[in-house]
Amino acid sequence: MTSPLKSLIYDDDRYQKCLDHFLERSSEQQCLRDFIRNTLPDILASVGKGKSQLNVIGVGSGEGIVDLELLSQLCQKHPGVLVDNEVVDPSSQRLNDYKAMVAQRPDLEHITFTWNKMTDSEFEEQWRQKNITKKADFIHMLHMLYYVKDPGATISFFQSLLDKNGKLLIALSSGESGKGKLWGNFRNTEVTQRVTTADIKSLLDARGVPYQSYEFQAHTDITECFTEGDQTGELLLDLLTQVLDFSGTASPELRQRVLRLLRDPQCSVETGGRVLFNGNTEVIVLDALS
Ligand SMILES: C[S@@+](CC[C@H](N)C(=O)[O-])C[C@H]1O[C@@H](n2cnc3c(N)ncnc32)[C@H](O)[C@@H]1O
């Protein structure tokens, strides 16, 4: 295996820029929000039944836009409850954006926010060191397991924190998405490797852990990737390959192979002169360990 190119996640400013450009051109976040509004309420109905306080943990919450949607659905399902919300994310930039948004929302006064500027594994270490026995009713990890060292261990730890009737929600690109095809095709090359829900489901199946899954279709307009030197295209390419400055650091041969695959029907459809990349996303829901 060739030595990996530098992973995008280590440059937080560039990562944020790439993510902003990607989300502007993508229906992924909207589809996730539709899922949260239309399907999640039924899943949340049994969470924390009869309790006056619900404990929530958001892992990799980012700037909190999706978190607040989740919290809003949880509170609508359980009117009048207090919510203790632990937020875990290593990016100070994104946590500050989250805090600023909360500060402008007086309607969230029944939610207590605890800010943990750290990775999932640092949070786990802190939890163990402080011998915390609190149980969680709802834990979510949306589009973050790509970045953890050992997704299986992360899932095991957070699932072990669930109280009876608790739910753990995971969202990632599906194995059938363009990202799944791209990462799968470039396994064992210097393109950064990321997990998809296909990996997570095989892992859960191998362990005999039951789960429910929901897949929805989304797409991202990646047309600019095919115009050499286009700034947006370069940022999108970094996000898709998860490589920092992919065009500047990958060999021309690797760049060409990646571009060819991005345009291939496995990954994209072309319509009206635009290249629409398959952004199918899957949500996996786990119950508390019995
Ligand atoms: C793609 S964003 C997703 C943000 C949000 N959950 C959403 O769906 O909009 C991924 C987030 O995971 C965070 N992250 C990266 N590595 C992490 C880790 N090891 N533990 C916790 N969060 C992590 C990043 O800082 C980033 O905010």
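Up top is the structure these notes are about.
Residues numbered from 1 in each chain as written. Predicted model: local features only at pLDDT ≥ 70, side-chain atom pairs only at ≥ 80, totals over all residues. Heavy atoms only, no water.

**What to know about the sheet that holds strand 6 (residues 212–216)**
Ordered by their spatial adjacency, seven strands build an open sheet running 3-2-1-4-5-10-6, and the pairing between neighbours is mixed. Strands with a single pairing partner mark the edges of an open sheet, and in this sheet they are strand 3 (111–116) and strand 6. In this sheet, neighbouring strand axes are inclined to one another by 15 degrees on average, regardless of whether the strands run parallel or antiparallel. Where strand 2 (residues 82–88) lies against strand 3, six bridges are found, and the strand directions are parallel. Following the sheet pairing, E86 is matched in strand 3 by T114. (Pairing = 2+ DSSP bridges. Helix = DSSP H or I, 4+ residues; strand = E, 2+ residues; numbered from the N terminus. Axes fitted to C-alpha atoms, helices over the stretch in contact; angles between N-to-C directions.)

**Examining the site of the ligand**
The local shell around the ligand holds 16 residues, among which G60, D89, R94, D120 and L142 are the closest. Contact between the ligand and Q29: an oxygen atom at 3.3 Å from a side-chain N or O atom of the residue. Within the side chain of R94, an N or O atom sits 2.8 Å from an oxygen atom of the ligand. Here the ligand, which alone exposes 600 Å², has 91% of that area covered by the protein. Residues that form the shell around the ligand fall into these classes: six nonpolar, seven polar and three charged. (Near = heavy atom within 4 Å. Polar contact = N/O pair within 3.5 Å; in protein donor to acceptor, adjacent residues only side chain to side chain. Areas by Shrake-Rupley, 256 points an atom, 1.4 Å probe, with all protein chains shown as cover. Nonpolar A, V, L, I, M, F, W, Y, C, P; charged D, E, K, R; others polar.)

**Considering helix 5 (residues 92–103)**
Along its twelve residues, helix 5 runs 16 Å from first to last C-alpha, staying within 8% of the 16 Å computed at 1.5 Å per residue. Regarding helix 5, the residues found buried are R94, L95, Y98 and V102. Along the long axis of helix 5, the arc covered by the buried residues comes to 100 degrees, so they all point the same way. Contacts from the buried residues of helix 5 go to helix 1 (12–24), helix 4 (65–77), strand 2 and strand 3. (Expected span 1.5 Å × (residues − 1). Buried < 20%, exposed > 50% of the residue type's maximum accessible area, 1.4 Å probe, protein only. Arc of directions from axis to C-beta. Contact = heavy atoms within 4.5 Å.)

**Remarks on the pattern of salt bridges**
Within this structure, the stated rule accounts for 21 salt bridges. Here D12 makes a salt bridge to R94, at a shortest N to O gap of 2.7 Å. Placement of the pair is D12 in helix 1 and R94 in helix 5, with a sequence separation of 82 residues. K201 is paired through a salt bridge with E282; the nearest N and O atoms lie 2.7 Å apart. Highlighted residues: K201 in helix 9 (residues 197–207) and E282 in strand 10 (residues 281–287), separated in sequence by 81 residues. For K201, a relative accessible area of 22% gives the class partly exposed. (Salt bridge = Lys/Arg side-chain N within 4 Å of Asp/Glu carboxyl O.)

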